[in-house]
Amino acid sequence: MPTEIGALALYRLMAWLSPGFPVGGYSYSHGIEYAVEAGLVTDGPALEAWIAEILCRGAGLIDAGLLAAAFRAAQAEDHRALLAVAERAQAWRSTAETALESEAQGAAFLAAVAAGWPDPGRDAAVAALREAGVAPAYAVAIGLAGAFAKVPADALARAYLQAFAASLVSAGVRLIPLGQSEGVRILAALEPAVERAAALAHGTDLEDLGTSAWMTEWTSMRHECQYTRLFRS
């Protein structure tokens, strides 16, 4: 059963992972732009399957694990453990564009949260990471902020994955293109993938997590050389 969430924590969760929160998520396609260009993703079912793979075997699974680990370290106010998680997050990005996607959104998220919800403990943890020369990845930033805001870790992971999925669906709807109704259908169909990724990450040690979504990494690398691009990744 999901952990019960308080009213203030729920408000912050909905605000922070809303499409309107200023992290620039609309700028990134996670390689889907090249997948469409190459004819690998051409319709709604293909987009659904592609995103499900990202969630359950790619960056979604890894991010959920990183989020949970960052949450635990921040909750314990263990800056050394948090630094180790943030460094692992940097190492886990396999392409320059996905690293940019994660780090830029992480920086934007932390700046927005600091402006709206000041918290000395959270800001000290962020400062410790930056002093060590580590830019927190988006998932790490979410886990860190959620711990100090007392948002339950399981709710945080599911909301993060849903927002990630929604962003990729939106990119696919614009690129293929698809109608909004088809986009809604895909988002609804991805519920089991979000739940599976969240459950796998929750029940697996960070040391045992890995990816096998090689085509998404290939399309990300090819996107760097794509002649015409609408998205930054």
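Just so we're clear, the structure is a prediction, and the values are computed from it rather than from any experiment.

K.L.:
Any chance you could break down the packing of aromatic side chains for me, citing the residues and the numbers?
P.N.:
Across all of its chains, the model carries eight aromatic pairs by this definition. Judged by centre distance (5.8 Å) and plane angle (55°), the ring pair of phenylalanine 21 and phenylalanine 109 falls under tilted. In this pair, phenylalanine 21 sits in the loop between helix H1 (7-16) and helix H2 (32-37) while phenylalanine 109 sits in helix H6 (residues 96-116), placing the two residues 88 residues apart along the sequence. Both residues of the pair, phenylalanine 21 and phenylalanine 109, count as buried. Three or more aromatic residues joined by ring pairs form one cluster here, namely Trp16, Phe21, Phe109, Trp117, Tyr138, Tyr160 and Phe164.

K.L.:
So what's going on with a nonpolar patch on the surface? Which residues, and what values?
P.N.:
Taken together, the side chains of Leu40, Met215, Trp218 and Met221 define a hydrophobic patch exposed on the protein surface, amounting to about 360 Å² of accessible area. Note on placement: tryptophan 218 falls in helix H12 (residues 214-223). Exposure remark for tryptophan 218: the relative accessible area of 37% places this residue in the partly exposed category.

K.L.:
Explain the layout of surface pockets to me, and be specific about the residues and the numbers.
P.N.:
Picture a little ball the size of a water molecule; that probe, rolled over the atoms, points out where space is still empty. Each pocket or cavity is described by its volume, and for the largest pocket that value is around 670 Å³. In this structure, the largest pocket is lined by 37 residues; those nearest its centre are Pro19, Gly25, Ala163, Ala166 and Ser167. Broken down by secondary-structure element, the contributors of at least two residues to the lining of the largest pocket are helix H4 (59-75), H6, helix H9 (153-175) and helix H10 (180-189). The dominant element in the lining of the largest pocket, judged by the number of residues it contributes, is H9, at eleven residues.

K.L.:
A description of the pattern of salt bridges should follow, citing residues and the corresponding values.
P.N.:
Note that side chains of opposite charge can pair when their charged atoms are close. Within this structure, the stated rule accounts for eight salt bridges. Two residues, arginine 185 and glutamate 48, come together in a salt bridge whose shortest N-O distance is 3.1 Å. Within this pair, whereas arginine 185 is found in helix H10, its partner glutamate 48 is found in helix H3 (residues 44-57), the two being separated by 137 residues in sequence. Owing to a relative accessible area of 33%, arginine 185 belongs among the partly exposed residues under this scheme. Notably, a salt bridge pairs aspartate 123 with arginine 122, separated by 3.1 Å at the nearest N-O pair.

K.L.:
Quick one: what's the story with the nonpolar core, residue by residue and with numbers?
P.N.:
The biggest cluster of nonpolar side chains holds 77 residues, and the ones touching the most others in it are Ile51, Leu55, Phe109 and Val140. With 14 residues, the single largest contributor to this core is H9.

K.L.:
Explain empty space enclosed by the protein to me, and be specific about the residues and the numbers.
P.N.:
Evaluated as defined, the whole model comprises one cavity of 30 Å³ or more. In this structure, the largest cavity occupies an estimated 30 Å³ of space. Those elements giving two or more residues to the lining of the largest cavity turn out to be helix H5 (79-92) and H6. Sorting elements by how many residues they give to the lining of the largest cavity places H6 first, with three residues. Counted by class, the lining of the largest cavity contains four nonpolar, two polar and two charged residues.

K.L.:
Describe the environment of glutamate 224, naming the residues involved and giving the relevant values.
P.N.:
Following the sequence through the fold, glutamate 224 ends up in the segment after H12. The exposure class assigned to glutamate 224 is partly exposed, which follows from its relative accessible area of 35%. Along the primary structure glutamate 224 and threonine 95 are separated by 129 residues, whereas in three dimensions their C-alpha atoms are 9.3 Å apart. Those residues in contact with glutamate 224 that lie beyond four places of it in its chain are Thr95, Ala96, Glu97 and Arg229.

What counts, and at which threshold
Residues numbered from 1 in each chain as written. Predicted model: local features only at pLDDT ≥ 70, side-chain atom pairs only at ≥ 80, totals over all residues. Heavy atoms only, no water. Phe/Tyr/Trp six-rings, centres within 6.5 Å; stacked < 30°, edge-to-face > 60°. Helix = DSSP H or I, 4+ residues; strand = E, 2+ residues; numbered from the N terminus. Buried < 20%, exposed > 50% of the residue type's maximum accessible area, 1.4 Å probe, protein only. Patch = residues over 30% accessible without salt bridge, like charges linked within 9 Å, V, L, I, M, F, W, Y side chains within 5 Å. Areas by Shrake-Rupley, 256 points an atom, 1.4 Å probe, with all protein chains shown as cover. Salt bridge = Lys/Arg side-chain N within 4 Å of Asp/Glu carboxyl O. 1 Å grid on protein atoms, 1.4 Å probe; cavity = no way out; pocket = protein on both sides within 12 Å on 5 of 7 lines; lining within 4 Å. Points joined across faces, edges and corners; volume = space filled by probe spheres on them. Core = buried A, V, L, I, M, F, W, Y, C linked by side-chain atoms within 4.5 Å. Nonpolar A, V, L, I, M, F, W, Y, C, P; charged D, E, K, R; others polar. Contact = heavy atoms within 4.5 Å.

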